[in-house]
Each structure stands twice: as C-alpha cells, then as structure tokens.
Amino acid sequence: MTSHARFCSSIVGALALLLGGTGVAAADPIPPCLNYVHREEAGRVEVDLRPDERTGTFTTLTMWWFIDDPGAAPGVYTWNHLVNGRATSSPNVIVKDDQLHTSLRMIERHAGLQWTWGDVYTFQATHYSPTTSTTYVAANNQCRITPR
C-alpha cells in the first residue's frame, strides 16, 4: 500500500469513528412525540401529533399540561414551545380556570416553518396558582417529532 493510500485509509477510518461508524445503531434516548407522557413534580405533560384542521395532515403538535391538584389549576399560565432548544415565539400568557392545552403547527401562516421531522421539542411552562400560592414548573420534558 502506498503512503497516499495509507493516508486516505486512515482519514476514512477516522471519519467513520467520528461519525459513529461502529456498525451498531445507537437507540435514540429521546422518545417520539407520539402519545408522549412525561411526569413532572406536580403533574404531567402530554404531547401528541394530530391532524392540522386546515390540511388534514398530521402536522400539529398538541400539548396538555395537567396539574395534579385540580384546585390549583385556576391561575396564570405562561409557556413556550422550544424546537431544538430555541423558542418559536415570545412567551404566551393566559389566565385559565382549568388545565392548559396548546398546539404548535409545523407551518404557521405568519411564522412559516416552525419545525420539521426529527427536531427535538420541549414544552416549557409555569403556572401560578393563587389558591395554593404556588408556582408550578414544567421544563424537563423532551420528545422527538416523528411522523405518524
């Protein structure tokens, strides 16, 4: 083998190691956003892929945040959708008398493309309950947007 061939072979080998070319596929540690449920300290976050009402295609991420204590649900919710660690908009705020439900479309009319297949989605939210004088936080959930 010539020195040039050995050099090229070593470059290919180094790239294979760098790119994970071990021949064994690693399992994705991030679960898909299909019927995803994540328990947090004071409740749970649920995420699912639903059909977009405008197109009928499964391109709407739908989220629910359930606080375990139903008496604590009335109050002020703030939330944001993060895709690959970046917020898709300014924080959202609403005063509600029940649990929070929201959604994020793949393509939003005014914002354009919001996410694509394979992106990592995180729902971050806080809820202040005047009934319990407690602020609840949902932040540790994460799922991969996978086609249905």
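Procedures and definitions
- Residues numbered from 1 in each chain as written.
- Predicted model: local features only at pLDDT ≥ 70, side-chain atom pairs only at ≥ 80, totals over all residues.
- Heavy atoms only, no water.
- Helix = DSSP H or I, 4+ residues; strand = E, 2+ residues; numbered from the N terminus.
- Buried < 20%, exposed > 50% of the residue type's maximum accessible area, 1.4 Å probe, protein only.
- Contact = heavy atoms within 4.5 Å.
- Polar contact = N/O pair within 3.5 Å; in protein donor to acceptor, adjacent residues only side chain to side chain.
- Pairing = 2+ DSSP bridges.
- pLDDT = per-residue confidence, 0-100.
- Core = buried A, V, L, I, M, F, W, Y, C linked by side-chain atoms within 4.5 Å.
- Patch = residues over 30% accessible without salt bridge, like charges linked within 9 Å, V, L, I, M, F, W, Y side chains within 5 Å.
- Areas by Shrake-Rupley, 256 points an atom, 1.4 Å probe, with all protein chains shown as cover.
- Salt bridge = Lys/Arg side-chain N within 4 Å of Asp/Glu carboxyl O.
- Disulfide = S-S within 2.5 Å.

### Structural notes on the environment of Lys96
Here is step 1 of the chain: Looking at the element boundaries, Lys96 is found in strand E6 (residues 92-96).
Here is step 2 of the chain: The class for Lys96 is partly exposed, based on a relative accessible area of 22%.
Here is step 3 of the chain: Here the alpha-carbon distance between Lys96 and Tyr77, two residues 19 residues apart in the chain, equals 7.3 Å.
Here is step 4 of the chain: Apart from the residues within four sequence positions on either side, Lys96 is in contact with Ala73, Pro74, Gly75, Tyr77 and His101.
Here is step 5 of the chain: A distance of 3.1 Å separates a polar atom in the side chain of Lys96 from a polar atom in the side chain of Asp98.

### Focus on the side chain of His127
Here is step 1 of the chain: Along the chain, His127 turns up in strand E10 (residues 120-129).
Here is step 2 of the chain: Overall, the relative accessible area of 0% leaves His127 in the buried class.
Here is step 3 of the chain: A polar atom in the side chain of His127 sits 2.6 Å from the backbone oxygen of Ala72.
Here is step 4 of the chain: Here Ala73 takes part through its backbone oxygen, which lies 3.1 Å from a polar atom of the side chain of His127.

### Looking at the pairing of strand E2 (residues 43-50)
Here is step 1 of the chain: Where strand E1 (residues 36-40) and E2 come together, five bridges link them in antiparallel fashion. Looking at E2, one finds that Arg39 is bridged to Arg44.
Here is step 2 of the chain: In sequence, E1 turns back onto E2 through a hairpin of two residues.
Here is step 3 of the chain: Where E2 and strand E3 (residues 60-67) come together, eight bridges link them in antiparallel fashion.

### Topic: the confidence of the model for the protein chain
Here is step 1 of the chain: Looking at the protein chain as a whole, its pLDDT mean stands at 85, while 83% of the residues score no less than 70.
Here is step 2 of the chain: Averaged pLDDT values for the elements of the protein chain fall to 38 in helix H1 (residues 3-18) and rise to 98 in strand E12 (residues 143-144).
Here is step 3 of the chain: Note that pLDDT drops below 50 for residues 3-23; the model gives that stretch two contacts with residues more than four away or on any other chain.

### Considerations on the nonpolar core
Here is step 1 of the chain: Counting residues in hydrophobic clusters, the biggest one holds 25 residues, and the most contacted among them are Val47, Leu61, Trp65, Trp115, Tyr121 and Phe123.
Here is step 2 of the chain: Every element with two or more residues in this core is listed here: E2, E3, strand E4 (75-83), strand E7 (100-105), E10 and strand E11 (134-138).
Here is step 3 of the chain: Per element, the largest residue contribution to this core is four residues, and it comes from E3.
Here is step 4 of the chain: Excluding its chain neighbours within four sequence positions, the residues that come into contact with Trp115 are Leu49, Thr59, Thr60, Leu61, Val83, Leu104, Arg105, Met106 and Ile145.

### Focus: a nonpolar patch on the surface
Here is step 1 of the chain: On the surface, a nonpolar cluster with roughly 370 Å² of combined accessible area is contributed by Val76, Val93, Val95 and Tyr128.
Here is step 2 of the chain: Take Val93: it is sitting in strand E6.

### Here's the deal with the state of the cysteines
Chemically, a disulfide is nothing more than a covalent bond linking the sulfur atoms of two cysteines.
Here is step 1 of the chain: Scanning all chains against the criterion turns up one disulfide.
Here is step 2 of the chain: Across the disulfide from Cys33 sits Cys143; the S-S distance is 2.0 Å. A torsion of 95° about the S-S bond marks the disulfide between Cys33 and Cys143 as right-handed. Remark: Cys143 occurs in strand E12 and Cys33 occurs in the loop between H1 and E1; sequence separation between them is 110 residues. The same class applies to Cys33 and to Cys143, which are both buried.

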